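Analysis of the macromolecular model
Letter by letter, the chains look like this.
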Amino acid sequence: MDFLSSYKQRHLMIRRTLAVILTVAVGFQLNLAALAVGRGRVVEMARAEGPADTTAPTVSVTAPANGETLSGAASMSANATDDVGVASVQFKLNGANLSDPLTTQPYTYSWDTATVSNGTYTLTATAMDAAGNAATSDPVAVTVNNQPPDVTPPT
């Protein structure tokens, strides 16, 4: 095989490889190197970076409902979407983290309401994408009303 044929084959292989990478990475931030090969070695390298993800996810608490009274184990759930992908959703109680970040759907959490005093609380969910963009849901007001256990002996 002569040098020109060898060069053309390597150049074609590089172009095909970059085309495959670009096809797979559509919609994601790209950080690729385009290479030019001459006489069997790299003679030129150029970096190409796609647009950064600046769009925050959207998130909403789907349970419990606003104004609901809770006791015992309360089921919490949220919906979250993003133009690239949601990395995590975290439930918050009065602005403080209630759950660990949840990284897979469905975004659900069982909250033991006995860990707080009876009263009114605000629940939110915060969604984050891989680029660090975050959004917090509209607040949901709930009332915790855990009745003390009945310790009166039967008569």
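Before going into details, it helps to say that this report is about the structure given with it. Because the structure is predicted, anything quoted here is derived from the model rather than measured. (Residues numbered from 1 in each chain as written. Predicted model: local features only at pLDDT ≥ 70, side-chain atom pairs only at ≥ 80, totals over all residues. Heavy atoms only, no water.)

Spatial strand order, β3-β5-β8: three strands in an open sheet with antiparallel pairing. The open sheet terminates on both sides in strands that have one partner only, identified here as β3 (58-63) and β8 (107-112). Mean inter-strand twist for the sheet, computed between neighbouring axes without regard to direction, equals 25°. Examined bridge by bridge, β3 and strand β5 (residues 73-81) share five bridges and lie antiparallel to one another. Following the sheet pairing, Val61 is matched in β5 by Ala78. (Pairing = 2+ DSSP bridges. Helix = DSSP H or I, 4+ residues; strand = E, 2+ residues; numbered from the N terminus. Axes fitted to C-alpha atoms, helices over the stretch in contact; angles between N-to-C directions.)

On to unusual backbone geometry. Residue Pro64 is bonded to the preceding Ala63 through a cis peptide linkage, with omega at 5°. With respect to the helices, strands and loops of the structure, Pro64 is situated in the loop between β3 and β4 (69-70). With omega at 0°, the peptide bond leading from Gln105 into Pro106 counts as cis. Its place among the elements puts Pro106 in the loop between β7 (96-97) and β8. A positive phi angle, close to 50°, is found at Asn94, a residue other than glycine. Within the secondary structure layout, Asn94 lies in the loop between β6 (86-93) and β7. Of the residues examined, Asn94 reaches a relative accessible area of 49% and is grouped as partly exposed. (Buried < 20%, exposed > 50% of the residue type's maximum accessible area, 1.4 Å probe, protein only.)

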